[in-house]
Amino acid sequence: ARMLDAAEPVASNPTLPPRARVDLEAGDISLPTGVLPLDTPITRAAMTAEITGDVPSGSLPQVLDAWRTGGGTVEFRSASLDWPPIHISGSGTAALDDKLQPTGAASVRVQGGLELMDALVKAGLVTDQAASVARIGLSLLMRPNASGVQELTVPLTLQDRALSAGPLALGTVNEIAWPPVSVP
């Protein structure tokens, strides 16, 4: 840490100070075999997030609307998933829109995309032809990271319940109907 000189300008923080910080980590997570394309355990899943904004009491929809109106956000400082042969990491910001539906943006880095295509074909979820096209696309888009490992960096956005990876539409997220439960 260093002391700031009184004459030195201090940058203002455009976001509210964190109200809560969440650190989660789990390892060696076994999933049912035959359900998902990867039969390996998740070796590590971790997330650090900060929730900003005041959370008043009242019914959940009212609380969420007040939190949203007050500039509340969830800042995903880091998130990672190690599910061999896949490694996914990223960060982003989420909030609620005026209909109290999630909205946000993230940058995600994916390693093991080619191996995932092999697993999807093996599981019968993707045809050989579709996987071949995807492998070509992945090969064109992947770049070596600082460690020399090939990875794909993808900007994800969620707006008006539409989930996109860059210009590619991935689908629509189901609408959330918040129950009118009381929040103390």
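Refer to the preceding data block for the structure.
Positions within a chain are numbered from 1, following the residues in the order the chain's sequence is written. Under the rules for a predicted model, residues below a pLDDT of 70 receive no local features and side-chain atom pairs below 80 are neither given nor counted, while totals for whole chains, interfaces and linings still include all residues. To get the side-chain values, all heavy atoms of the structure are used, and hydrogens and water are removed first.

## Re the pairing of strand β10 (residues 168-172)
The test is simple: Accessibility here uses a 1.4 Å probe with only protein chains present; expressed as a share of the type maximum, an area under 20% marks a residue as buried, one over 50% as exposed, and anything in between as partly exposed. Labels follow the DSSP assignment, with helices taken as runs of H or I lasting at least four residues and strands as runs of E lasting at least two, numbered in each case from the N terminus. Being paired, for any two strands, means DSSP has found at least two bridges between them.
The buried fraction of β10 is low, at zero of five residues. Where strand β9 (residues 162-165) lies against β10, four bridges are found, and the strand directions are antiparallel. When the bridges of β10 are listed, L163 appears paired with G171.

## Regarding the side chain of S80
As a reminder of what qualifies: We call two N or O atoms a polar contact when they sit within 3.5 Å, provided that within protein one can donate a hydrogen and the other can accept it, with sequence-adjacent residues counted only if both atoms are side-chain atoms. Contacts are residue-level and defined by heavy atoms, with any inter-residue pair within 4.5 Å sufficient.
Turning to its location among the elements, S80 is positioned in strand β4 (residues 73-83). Reaching out from S80, the side chain makes a polar contact with the side chain of R44 at a distance of 3.0 Å. In this view, S80 contacts R44, A45, A46, H87, I88 and S89; residues no more than four positions away in its chain are not counted.

## A few points about the environment of I51
On the secondary structure map, I51 appears in strand β2 (residues 42-52). Take I51: its relative accessible area is 27%, and that puts it in the partly exposed class. Once the C-alpha coordinates of I51 and F76 are considered, the two residues, 25 residues apart in sequence, prove to be 8.7 Å apart.

## Some points on the environment of T73
Its location among the elements puts T73 in strand β4. The spacing of T73 and T52 is 21 residues in sequence and 5.3 Å in space, taken between C-alpha atoms. Every residue in contact with T73, bar those within four places of it in the chain, is listed here: E50, I51, T52, W67, T93, A94 and A95. Of note is the side chain of T73, whose polar atom sits 2.7 Å from the side chain of T52. Among the polar contacts listed, one links the side chain of T73 to the side chain of E75, at a separation of 2.9 Å.

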